[in-house]
Amino acid sequence: MLSFPEFSVLSSCAVEPGRTQRSIAEATELSVGLVNATVRSLRTGRLLDDAGALTPAGMRALEPHRVRNAVILAAGMSTRFAPVSYDTPKGLLTVRGEVLIERQIRQLRAAGIDDVTVVVGHMKEKFFYLGDEFGVSIVVNPDYAERNNTSSIMCAADRIDSTFICSCDNYFVQNPFEPYAWRAYYAATYHEGPTQEYCLRTKTKHRRIVDVTVGGEDSWIMMGHAYWDPEFSASYLRFLRAEYDHAATASKLWEDLYAERICALRMDMRPFAPGMVWEFDSIEELSAFDPTFVEDVDCPVFDNICEVLNCAKGDIRRIEPIKEGLTNLSFRFEVGEDAYVYRHPGPGSNELINRASEAFSQGVASQLGLDTTYLHEDPAEGWKVSRFLEGCATLDYDDRDQVTAALGLLRRLHDHPVDSGFDFDVYAATLETIELIDHQRRVMFRDFAQMARMAEELAALARAHGARRCLCHNDSYAPNFLVHPHGIDLIDWEYSGMSDYASDLGTFICCSQYTVEQAREVLQVYFGRPLEPVEEFHCLAYCCLSSYYWFIWALYKEVCGDPVGSYLYLWYRHAKGFGEEARQRAAELGLTAPDVRPTA
């Protein structure tokens, strides 16, 4: 087993035979005296010859420290890099004239690391060319959307031994890779001031990492690649396999699991000089590093914004992704002194949405003062630019004043005498969505047939005992009501069209935690009076139909790789609960419809 000085001198001479001892000292950060003593010892042991080259025995001694391969993690969605990441994965961005991941592959190859694996997930097909052009191996991570990067480590686990673990979006000013490594390490740079990065505390002269905390100040922080030696690889992968199926592991970075097991996983800190390693967390950070980036990047979203606001790409600043919303991707940005929101169609949304209908309804909403944010929408592609309202909050279903104001907006919309020419029937839309799912996988779960029969029955009864059609929003849930100091706005008109008024009430209620009794109280607020018995049945039926539609819609989004989270179960539960209540009311009232089949 080589000592650290012996390893440092041998690896330095392996890369550049015949180096002077002063040159070795500068490259290894060892003192000149220690280098002199180590060189004498290596020559005595016949590991280094008099010319400063490794002997065969020296090569054999160094071989256990050879880096065998590299794994580049490139499966993530880079949501903080919106809107550029809508079309291009972060690792494929061009920075200072080079594609980030291509530059990293070249640097690995220059260090003698020819075996490179790229783990891909989001927009995976855009990375496939690397296999042909750079000879790398491609591994597809099917779980990238549901799990953090521990899933990518698992996908490449059989390749990890003496391995560089890299992120596809790092930029190294100088090549940080080497053909040999002494022990497992994580690259680090020193950060002055407060930071939310992973901060490191070390002990011993070899800088063994003894503590990792998220956030701190004036600290060494994880920044760049890591090297896993055989001991670290075996131990870490054993822990990962044991904990991988635990629910808590899904959201963890591989670094989180390492930090939890830090006493059992030896890893040193490898310091790098300031400005050597770059990790870009925002477009503004990248633009500061490469001032030509925004002007050069191929990003249709920037072009759209410039056309609507008559500005230059360089005028677009302070971009911040907005997480609210189930259908689309959105971000806030500023041009001059004003703030705006750009909405980008989400996966599979254009198959569900009539953009021409949305554009018509947006115009009506703007005219009626229901949505004061609207500026422009492209009815063909579905993107939209709106004003950003400062100081907004999402509607609180438990705030009576806010609920009253929101229902007042819906009532004004329903009372407006207009026909858009576009229909939205929530039950018909449900059946169409089921067909979309069935093209990819069967809608099949234990009580699906029962739910489908109940929805069919209630839809027929609601049609037979219905109300006039009017222009409806049809996506009237809390995040689409913006509560601000000057009032309340109803935004995002994608599902709008001519519908039964109860479609809006059903959606409003089914996205809440309301009980049936609370729903009755909300309906009275909308009507401004107690409901007639048939009206109550009608609205409860639509609470079921809306819940059922959004439940099926959520299943479709999951098929498209865009899960909606806890809403899925909420809508399932409301579809059954409100459905049974509506059935009971129909039976009490003796309501029938000619196309209702008898039920058990």
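This section reports on the structure supplied with the text. From a predicted model like this one, the values you see are computed outputs, not experimental measurements.

As a further point, take the overall build of the protein chain. Helix and strand counts for the protein chain stand at 20 helices and 21 strands. With respect to the principal axes defined by its C-alpha atoms, the protein chain has extents near 105 × 55 × 45 Å. The 600 residues of the protein chain split such that 54% are buried. For the protein chain, the proportion of contacts with a sequence separation of at least 24, taken over those separated by at least 6, is 72%. Of the charged side chains in the protein chain, 57 are positive and 88 negative, and the gap between their average positions amounts to 8 Å.

The next subject is the layout of surface pockets. There is about 1,300 Å³ of room inside the second largest pocket. Ala27, Thr28, Glu29, Glu178 and Arg270 are the residues nearest the centre of the second largest pocket, which is lined by 37 residues in total. Contributing elements (two or more residues each) for the lining of the second largest pocket: helix 1 (4–15), helix 2 (21–28) and strand 10 (268–271). The biggest single contributor to the lining of the second largest pocket is helix 1, with 8 residues. Within the lining of the second largest pocket, the residues separate by chemical class into 21 nonpolar, 7 polar and 9 charged.

The omega torsion of the bond from Ala82 to Pro83 falls at 5°, within 30 degrees of zero and hence cis. For Arg207, which is not glycine, the phi dihedral falls at a positive 60°. Residue position: Arg207 is located in the loop between strand 8 (185–203) and strand 9 (208–228).

Before going further, it helps to spend a moment on the nonpolar core. Side chains that are nonpolar tend, in soluble globular proteins, to be buried together. Formed by 79 residues in total, the largest nonpolar core has its most connected members in Leu395, Leu458, Phe481, Phe508, Ile509 and Trp571. At 17 residues, the largest contribution of residues to this core is made by helix 19 (residues 533–559). Ala70, Ile101, Ile105 and Phe172 belong to the second-largest nonpolar core, a separate cluster that totals 33 residues.

By the criterion of burial, strand 14 (residues 338–345) is predominantly enclosed, with 7 of the 8 residues buried. Across 4 bridges, strand 14 lies against strand 16 (residues 384–387) in antiparallel orientation. By the bridge assignment, Arg343 is partnered in strand 16 with Lys384.

Time to look at empty space enclosed by the protein. The gaps left among the atoms become clear once a water-sized probe is rolled over them. Scanning all chains against the criterion turns up 1 cavity of 30 Å³ or more. If you add up the space inside the largest cavity, you get close to 40 Å³. Lining the largest cavity we find Asp425, Val426, Tyr427, Ala459, Arg463, Tyr542 and Leu545. Mapped onto the lining of the largest cavity, the elements with two or more residues apiece are helix 15 (426–438), helix 16 (448–464) and helix 19. Per-class residue counts for the lining of the largest cavity are 5 nonpolar, no polar and 2 charged.

Before going further, it helps to spend a moment on the sheet that holds strand 20 (residues 487–490). The sheet built from 3 strands is open, its strands ordered 17-19-20 with antiparallel pairing. The sheet terminates laterally at strand 17 (393–394) and strand 20, the two strands that pair on one side only. In the packing of helix 14 (residues 400–415) onto the sheet, contacts are made with strand 17, strand 19 (481–484) and strand 20, and the angle to strand 20 comes to roughly 45°.

Let us look at the side chain of Asp229. Of note, Asp229 is situated in the loop between strand 9 and helix 8 (230–243). Look at Asp229: it is buried, it has no salt bridge, and the nearest opposite charge is Arg183 at 5.8 Å. Reaching out from Asp229, the side chain makes a polar contact with the backbone nitrogen of Ala184 at a distance of 3.0 Å. A polar contact is formed between the side chain of Asp229 and the backbone nitrogen of Phe232, at a distance of 2.7 Å. Not counting residues within four places of it along the chain, the set of residues in contact with Asp229 comprises Asp161, Arg183 and Ala184.

Here we come to the side chain of Asp378. Topologically, Asp378 is positioned in the loop between strand 15 (374–377) and strand 16. Although Asp378 lies buried, it forms no salt bridge, and the closest oppositely charged side chain, Arg355, sits 8.3 Å away as judged by the N-O distance. A polar contact of 2.9 Å, which involves the side chain of Asp378, links it to the backbone nitrogen of Glu381.

Next up on the list: helix 20 (residues 567–589). Here helix 20 is 23 residues long and its end C-alpha atoms lie 32 Å apart, about the 33 Å a rise of 1.5 Å per residue gives. Burial in helix 20 covers these residues: Leu568, Leu570, Trp571, His574, Ala575, Phe578, Gly579, Glu581, Ala582, Arg583, Arg585 and Ala586. Elements that come into contact with the buried residues of helix 20 comprise helix 16, helix 17 (502–510), helix 18 (516–527) and helix 19. Of the residues trailing helix 20, Gly590 is marked for its positive phi of about 70°.

Interhelical geometry of helix 17 versus helix 19 gives an angle of 65° and a closest axis separation of 7 Å. You can see that helix 17 and helix 19 cross each other, and the crossing is right-handed. Between helix 17 and helix 19, the contacting residues are Ala502, Ser503, Leu505, Gly506, Thr507, Ile509 and Cys510 on the first element and His538, Cys539, Tyr542, Cys543, Ser546, Ser547 and Trp550 on the second. The class makeup of the residues in the contact of helix 17 with helix 19 is 8 nonpolar, 6 polar and no charged.

This part takes up the pattern of salt bridges. One pass over the structure, following the stated rule, counts 36 salt bridges. Close ionic contact of Asp303 with Lys313 constitutes a salt bridge, the shortest N to O distance being 3.8 Å. Pair noted here: Asp303 is in helix 12 (residues 300–309) and Lys313 is in the loop between helix 12 and strand 12 (316–322), with a separation of 10 residues, a long-range link. Owing to a relative accessible area of 39%, Asp303 belongs among the partly exposed residues under this scheme. One salt bridge connects Arg332 with Glu334, and the closest N-O pair in it is separated by 3.0 Å. The burial state of Arg332 is the same as that of Glu334; both residues are buried. Among the charged side chains, a network of salt bridges with common partners joins Glu517, Arg520, Glu536, Glu581, Arg585 and Glu588.

The subject of this paragraph is the environment of Gln402. Tracing the chain through its elements places Gln402 in helix 14. Gln402 gets classed as buried once you look at its relative accessible area, which sits at 19%. Residues Gln402 and Tyr572, 170 residues apart in the sequence, show an inter-C-alpha distance of 26 Å. Contacts of Gln402, omitting those with residues within four sequence positions, involve Thr394, Leu395, Asp396, Val483 and Ile488.

The rules behind each value
Residues numbered from 1 in each chain as written. Predicted model: local features only at pLDDT ≥ 70, side-chain atom pairs only at ≥ 80, totals over all residues. Heavy atoms only, no water. Helix = DSSP H or I, 4+ residues; strand = E, 2+ residues; numbered from the N terminus. Buried < 20%, exposed > 50% of the residue type's maximum accessible area, 1.4 Å probe, protein only. Contact = heavy atoms within 4.5 Å. Lys, Arg positive; Asp, Glu negative; His and termini not counted. Charge placed at Lys NZ, Arg CZ, Asp CG, Glu CD. 1 Å grid on protein atoms, 1.4 Å probe; cavity = no way out; pocket = protein on both sides within 12 Å on 5 of 7 lines; lining within 4 Å. Points joined across faces, edges and corners; volume = space filled by probe spheres on them. Nonpolar A, V, L, I, M, F, W, Y, C, P; charged D, E, K, R; others polar. Core = buried A, V, L, I, M, F, W, Y, C linked by side-chain atoms within 4.5 Å. Pairing = 2+ DSSP bridges. Axes fitted to C-alpha atoms, helices over the stretch in contact; angles between N-to-C directions. Salt bridge = Lys/Arg side-chain N within 4 Å of Asp/Glu carboxyl O. Polar contact = N/O pair within 3.5 Å; in protein donor to acceptor, adjacent residues only side chain to side chain. Expected span 1.5 Å × (residues − 1). Left-handed = near helix turned anticlockwise from the far one by under 90°.

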